[in-house]
Amino acid sequence: MKEKKVYGLTALFDTPDRIIDAVKKISSDGYKKFDVHTPYPLHGMDGAMKLKPSKLGYITLVFGLSGALFALLFMFWAMSIDYPMVIGGKPFFALPAFIPITFELTVLLATLSTVIGMLTFFFSFPSNNHPLIGSDYMRSVSADKFGISIEAEDEKFDDIQIRALFSKLGTIQIEEIYYPDTETFPMFQKKFILFLLVIAILTGGTTYFVLNKLLFMQPFNWMMTQDKLIPQERSEFFSDGFGMRVPVDGTVARGFLPYEFKGEVNPASFLSNPILLTKKSILFGQQKFLTFCSPCHGNFGDGDSRLRGQFPNPPTLHSNRVKEMPDGQIFHIINNGQNIMPSYSSQTTVEERWAIVNYIRVLQRAKNATQSDLEEIKKESAANGK
Amino acid sequence: MANRVLEYQKKDLPQNMSKLGWALFAIGALAGVAAFYVDNTRAAYNYLIAYMFIMSVGVGSLFLIALEYVAGADWSVPFRRLMEFFAALVPLMFILIIPLLFNLNELFPWMNKKLVEGDAILTGKAPYLNSTFFIIRVFGILLLWTLFFYLFTRNSMNQDSTKDQKFTKRNIIISAIFIPVFAITLTMSSVDWMMSLEPHWFSTIFGVYYFSGTMLAALATLTLAVIFLNEKGYFGKLLIPDHLYSLGALQFVFINFWGYIAFSQYLLIWYADLPEETVWFLHRWSGSWAFVSIFLIIVHFVVPYSILLSQPAKMDAKRLKIASIWILFAHILDLYWLIMPNMNEGKSGGAVFGWIEIAFPVALVGLILVVFNIRARNKNIIPVGDPKIERGLNFRL
């Protein structure tokens, strides 16, 4: 069997006082490569071991400062140079608003660099193995004992002398530690990686399940989903499964009173214009006339629209026939249509139809203005200062 | 480590310390009285600064005592007696308040009935901000603090001779009661004495802001006393850098805390930009006050932060002394910045500074020295009967 290489000698002690005294003796005897393991931190251990202050602080300082600088410069570039935006009326370089983020980034880089620096420079990452791991010594010091280990690499290392020293200091157990036969990286073991993977899936899955299924609450979605049936949708409520229903017989929709005289030729005597000739109703009628009637009858009712020639010519509305028609007759034509002119009852409401009738009357009057009409218009224009 | 005999011997404080204290106090007080004749309003404002400083050190020390008990700290046990001496400023405030009582109308606009009647906001605040309730609050709070001061020191003193652990237990219970009481009363005091100087303005973080200064003032005074007495060998055996480190670390913490709170207050008001809130900062940005405001950031945060950042600095008596004196100055400047701009409110003119502004701090330092000396007479400098005193003296980081 191959001779095993010695890592060092370890000794266990019972009380914190004993170990502090022992460490003081060992460090003053000139041993350099030794380490102490205790179940909890002991006040005064650093001094007893004659440890120099750690250099780790410098890494923290450098990275903390660069975090601050990076955050400030980046926000300055983003908010003041690349995409300046006025936010809350503040200047583009709004220093007070940048400070919380600068602070966060300082702390973030400082802590991360401390941990990563510690792992790489002091714990020789990625190796996370150590000859002491798995020994009885390590088991004891992680429970209730206090231990010292002196490495064989120390210049003053001498097996017999150290054993004598340890027992003089009152140790309760001495153990010799060897290097393992082959250097292993427990970190890269399949078992460990598998373990990490399972943990990742488990925590990820549990988090997803808890947050998205177990505790999930519908956020306010601006009424995107409602308790209603959209057209063509299937309904569980009705036995035939149709969501769209035929209205009950005799249902009248708001604003769509059925026209009583459908199909009749001349019901004019029953119909009288309920709308007063006001400026407002005339303008309203003009708007509706231009929308619905002008494509065929022309903008001023002359029967000269762009449809001319492509369609049996629509007649003028300034004929004596139309001029002499009672209001009800025109209303009836809009409702009912006449020969090839279709009915406009589904596009227009009752009020709109009457307003159109009024507007036609206005057009007719305008085409046949009298002298007194002209004078009145002149007077009005003068009063308006034109 | 147990069973080491305490090698402490009672020694009287040096004579010249008390003399210096009396001399400073006499000069400052005389100048202060003169100031009241020369410019009553300005003197009243300066007196308020001094009064708030005394409050910081007195009640702050009381709070540090309570903190030691509830946290079960070992390292500060050897200094607890010093905090008890400083806390003696609290009962003294019953006397110190008198000049303020005569000048309440000078200081607080809301005491003016006519002004309040014509002002909807002040009328709304009147149930709290009125003279009667103010006086009740102020004296009620002083009484409460004095009561706790009496209980703490009596138990601690009794322990010196009896060495009975039950006094520690009692003080722990009293501390647990005192801490919430302290939180509420200190907030009320800061609102009553300083925030109400500008009665339209309000800031919910104001009490915490004053608290951060309070802690700094109490810690800095304590550190100075510890370093001074340690150099002269008053602690029996020498304290080691580990003790100083703990004091320095606490100072560093509260420097950061002050910066954090001060900035929080500023950021929220700056961002919301509401006229009723920004007015307070605008008063501190008009004229030469802008320089004082910037100076305050440097004096109260940047400089002490830099001094105390490294570990060796917190362990070095000399640097810690400088930091402590600096922090005391910073606290006075902070109070000056909080209180003085209200004197010129509405009128033109920036920061005022002259002999009046120097007189009161001089009297203040003298007074603290004198009170400390009188309290320390014939008493042990360290609480020899405390069960944790040995561990405290042998404290290692």
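Residues numbered from 1 in each chain as written. Chains lettered and ligands numbered in written order. Predicted model: local features only at pLDDT ≥ 70, side-chain atom pairs only at ≥ 80, totals over all residues. Heavy atoms only, no water.

1. With respect to the overall build of chain B
A count of helices and strands for chain B gives 18 helices and 0 strands. When each of the 397 residues of chain B is scored for burial, the buried share is 54%. Sequence-distant contacts in chain B: of pairs separated by 6 or more residues, those separated by 24 or more amount to 83%. (Helix = DSSP H or I, 4+ residues; strand = E, 2+ residues; numbered from the N terminus. Buried < 20%, exposed > 50% of the residue type's maximum accessible area, 1.4 Å probe, protein only. Contact = heavy atoms within 4.5 Å.)

2. Focus on a positive patch on the surface
Residues and elements named next belong to chain A. Residues Lys-32, Lys-50, Lys-52, Lys-55 and Lys-156 make up a contiguous surface patch of positive charge. Looking at where Lys-55 falls in the secondary structure, it is placed in the loop between α2 (45-49) and α3 (56-82). For Lys-55, a relative accessible area of 56% puts it in the exposed group. (Patch = residues over 30% accessible without salt bridge, like charges linked within 9 Å, V, L, I, M, F, W, Y side chains within 5 Å. Areas by Shrake-Rupley, 256 points an atom, 1.4 Å probe, with all protein chains shown as cover. Salt bridge = Lys/Arg side-chain N within 4 Å of Asp/Glu carboxyl O. Lys, Arg positive; Asp, Glu negative; His and termini not counted. Charge placed at Lys NZ, Arg CZ, Asp CG, Glu CD.)

3. Looking at the confidence of the model for chain B
All names here are of chain B. The pLDDT averaged across chain B works out to 91; a share of 96% of its residues lies at or above 70. No element of chain B has a lower mean pLDDT than helix α18 (residues 389-393), at 86, and none a higher one than helix α4 (residues 89-96), at 96. For the stretch residues 1-5, pLDDT sits under 50, and the model shows 4 contacts to residues farther than four places along the chain or on other chains. Predicted as a complex, the structure gets a pTM of 0.69 and an ipTM equal to 0.81. (pLDDT = per-residue confidence, 0-100.)

4. Things to note about the pattern of salt bridges
Taken as a whole and judged by the stated rule, the model has 25 salt bridges over all chains. The partner of A:Glu236 in a salt bridge is A:Arg234, and the shortest N-O contact between them spans 3.9 Å. Taking relative accessible area as the criterion, A:Glu236 reaches 70% and is therefore assigned exposed. Here B:Arg80 makes a salt bridge to B:Asp386, at a shortest N to O gap of 2.7 Å. With B:Arg80 in helix α3 (residues 80-87) and B:Asp386 in the loop between α17 (355-376) and α18, the pair connects residues that are 306 residues apart, well separated along the chain. Residue B:Arg80 is classed as buried on the basis of its relative accessible area, which comes to 0%. Within this structure, B:Glu68, B:Arg80, B:Arg81, B:Glu84, B:Asp160 and B:Asp386 form a network of salt bridges that share partners.

5. Observations regarding the interface of chain B and chain A
With 12 residues of chain B in contact, the opposing surface of chain A contributes 13 residues. Taken together, the two surfaces of chain B and chain A that pack against each other cover about 1000 Å², and 71% of this comes from carbon and sulfur. Taken together, the connections running from chain B to chain A amount to 1 salt bridge. Across the pair A:Lys90 and B:Asp273 runs a salt bridge whose closest N-O atoms are separated by 3.9 Å. Summed over the shared surface of chain B and chain A, the result is 3 residue pairs in polar contact (both at pLDDT 80 or more). By residue number, the principal contributor to the side of chain B that touches chain A is helix α12 (residues 241-272) of chain B, which donates 5 residues. Counted by class, the side of chain B that touches chain A contains 9 nonpolar, 1 polar and 2 charged residues. (Buried area = accessible area lost by both parts, 1.4 Å probe. Polar contact = N/O pair within 3.5 Å; in protein donor to acceptor, adjacent residues only side chain to side chain. Nonpolar A, V, L, I, M, F, W, Y, C, P; charged D, E, K, R; others polar.)

6. So, the packing of helix α11 (residues 206-231) of chain B against helix α16 (residues 317-339) of chain B
A pair of packed helices can be characterised by two numbers: the angle between their axes and the separation between those axes. Residues and elements named next belong to chain B. At a minimum axis distance of 9 Å, the contact between α11 and α16 shows a crossing angle of 150°. For the crossing formed where α11 meets α16, the hand is left-handed. Here the residues of the contact of α11 with α16 sort into 16 nonpolar, 6 polar and 3 charged. (Axes fitted to C-alpha atoms, helices over the stretch in contact; angles between N-to-C directions. Left-handed = near helix turned anticlockwise from the far one by under 90°.)

7. Some remarks on unusual backbone geometry
The backbone of A:Trp222 sits at a positive phi, close to 55°, despite the residue not being glycine. Looking at the element boundaries, A:Trp222 is found in the loop between α7 (190-214) and α8 (279-292). One non-glycine residue, B:Lys163, lies in positive phi territory at about 55°. The topology assignment puts B:Lys163 in the loop between α9 (131-162) and α10 (165-193). Accessibility expressed as a relative area gives 51% for B:Lys163, which makes it exposed.

8. Focus: a nonpolar patch on the surface
Residue and element names in this part refer to chain A. On the surface, Leu-69, Phe-70, Leu-73, Phe-74, Phe-76, Trp-77, Ile-81, Phe-93, Leu-95 and Ile-99 cluster together into a nonpolar patch covering about 970 Å² of accessible area. Mapped onto the nonpolar patch, the elements with two or more residues apiece are α3 and α4 (95-122). With 7 residues, the top contributor of residues to the nonpolar patch is α3. Mapped onto the elements of the fold, Ile-81 is located in helix α3.

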